[in-house]
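Topology and contacts: notes
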Amino acid sequence: MKPLFEQLIARFKGNRPERKRKIFVIPKWENRLETNEPIRIAIFLFFIFFCIVLGLFATGHVTYSLVFLSLILTSCTAMVLNLSLPKIFYSNSKLLLVFAVIAINLLIAKSVYVWSIHQPGLESRAIYFYVSTAVAPLLVTALINVHAGVIVVVLSSVFISLLVNPSIPLLASNLLSGIVGVYFIQRICQRRDILKAGIAVGLTSLVCAVGFGIINGGDTDVLIQQAFLSIGIGLFTAVLVNTLLPVLEEIFQLNTDFTWLELSDLNHPLLRRLATEAPGTYHHSLMVANIAEAAANAIGENGSLCRVMAYFHDIGKVVNPQYFVENQGADNPHTRLTPSMSALIIISHIKDGVDLALEHHLRRPIIDAIQQHHGTSLVYYFYRKALQNIEDCKMGVKLLNMGEEDIPELDESRFRYPGPKPQTKEIGILMLADSIESASRCLEKPSLKDIEQLVEDIVSQKLQDHQLDECPLSMKEITEIKHSFIFSLKTILHTRIHYPKGPKNVEKSTGSDSESSERSALALAKAKEGMEIGTGFNA
């Protein structure tokens, strides 16, 4: 059996003899499918064919005008997406999603239209209020973003008003109800939020139906009929969106706030294991989650995503929990190891975390957070310890009159995390929150000034080490994040009133101002030392 050191070296280099280590890499064929231009052209051609088939319900045969109209509409859609949403235009999966939900909307609208014109008693002037036109905008907003949802509102409204039932009131009603739906669903945290958006769509359709009915001199019975049908449209929209959303999430591997809400359940098997085998790391992860979520919300980013990433970012520590300071008792196994060995064990929790995340099929942003939340930071505590050992070797060489070639060389890269550096704002926030929460554990009776100094030192250290160079955070956002960190730490590290039991305790609890100043200075010094240990034991 190989010695422990050789096994760890093999693990660090990615060639463990026992098993092949998993590496999270997107398959090349998937990248080719995502950006392949012929596939993109095929998507547009298929949608043109769909529009032509949809038009056959009205004409019964293919006409040149129908083909020309479908071609013009699809071409305009392509140009709008290319100009306003290039990330969607050049992503075949998202482009397919947009056209798929628009096609679903058109199919529903056309089906209801064809059915209702054959029903006695349904006046044609009210027919355009009997279709659910906000399905596509609501789905795109929930699955992609608000900007894409607004664009789809315009596109789907134009398609329905031209291919289903040409009408200006239809276009106005679709635009207004779609925009209202996007507004109400832009931030969804619970399933009931979809119902609220559906009701808002229904009420908007009701206002449009009654308004156009009164303008056109409609009968009271028709107005009442339109009102009830409009409310029904809203409820049907909510039910349909709620049904299709999880299906489309899985098919297109997209993440919504519902995805993060489900993964934030602390009963997840990995989190239960973390709480049992590494309780200190588990508590640290909860604290980081609170701090990171507040900071993300402060700059308008996805706080739910930050919370979930923080829950799982240190999951790899369950493999060797005793080597991390938050899980240690009286015994510290690092005292029996060389600095390079200790750094190797500390760094290995990144790869162990990726292995566990892949095994439990966690989402890609979580795996990215596990890989990137340390960037290429230096495990400074053990690196400094190794430097001290080198200095001791030099002193010994001088005393023994030996040659300097006998002094071992120190490779700094062996004390750095493999990276990559944070690529998103959320992971950048997570990196800062992780380091700050770890270092704050060393503060004793911290004052507001101590907390501010701690946050400033850690953020400056990360910037000087170029760990945020690949992260799109601006300096203004970093300033807001620091303010959020300070507020969060101030509330977490608050002091409590000391209740003396007797006169002796009162005397002991009172001290001079100089003693208080000494305690503050000592706490800040320990916090700075904790920053170094935080990148080592508690990294």
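How each quantity is defined
Residues numbered from 1 in each chain as written. Predicted model: local features only at pLDDT ≥ 70, side-chain atom pairs only at ≥ 80, totals over all residues. Heavy atoms only, no water. Salt bridge = Lys/Arg side-chain N within 4 Å of Asp/Glu carboxyl O. Helix = DSSP H or I, 4+ residues; strand = E, 2+ residues; numbered from the N terminus. Buried < 20%, exposed > 50% of the residue type's maximum accessible area, 1.4 Å probe, protein only. Contact = heavy atoms within 4.5 Å. pLDDT = per-residue confidence, 0-100. Polar contact = N/O pair within 3.5 Å; in protein donor to acceptor, adjacent residues only side chain to side chain. Expected span 1.5 Å × (residues − 1).

**Examining the pattern of salt bridges**
Following the criterion strictly, the structure yields 13 salt bridges and no others. Here R273 makes a salt bridge to E277, at a shortest N to O gap of 3.2 Å. In this pair, R273 and E277 both sit in helix α13 (residues 269-277), four residues apart, roughly one turn of the helix. Judged by its relative accessible area of 31%, R273 is partly exposed.

**Observations concerning the environment of H147**
As for its position among the elements, H147 is in helix α8 (residues 146-163). Residue H147 is classed as partly exposed on the basis of its relative accessible area of 44%. Ignoring sequence-local partners within four residues, the contact set of H147 consists of S84 and L85.

**Side note on the confidence of the model for the chain**
Residues shown with low pLDDT carry predicted positions that ought not to be read at fine detail. On average, residues of the chain carry a pLDDT of 82, and 81% of them reach 70 or more. Scored below 50 in pLDDT, residues 527-539 makes 51 contacts in the model with residues more than four places away or belonging to other chains.

**Considerations on the side chain of S377**
Looking at the secondary structure, you find S377 in the loop between α17 (364-372) and α18 (380-400). On the basis of relative accessible area, S377 is assigned to the buried category, the value being 4%. In this structure the side chain of S377 is engaged in a polar contact, spanning 2.7 Å, whose partner is the backbone oxygen of H374. The residues contacting S377, other than those within four sequence positions of it, are F415, R416, Y417, M431, K462, D465 and Q467.

**Some thoughts on helix α9 (residues 168-185)**
Helix length check: α9 (18 residues) gives 26 Å between terminal C-alpha atoms against 26 Å at 1.5 Å per residue, within 8%. Along its buried surface, α9 packs onto α7 (135-143), α8 and α10 (191-215).

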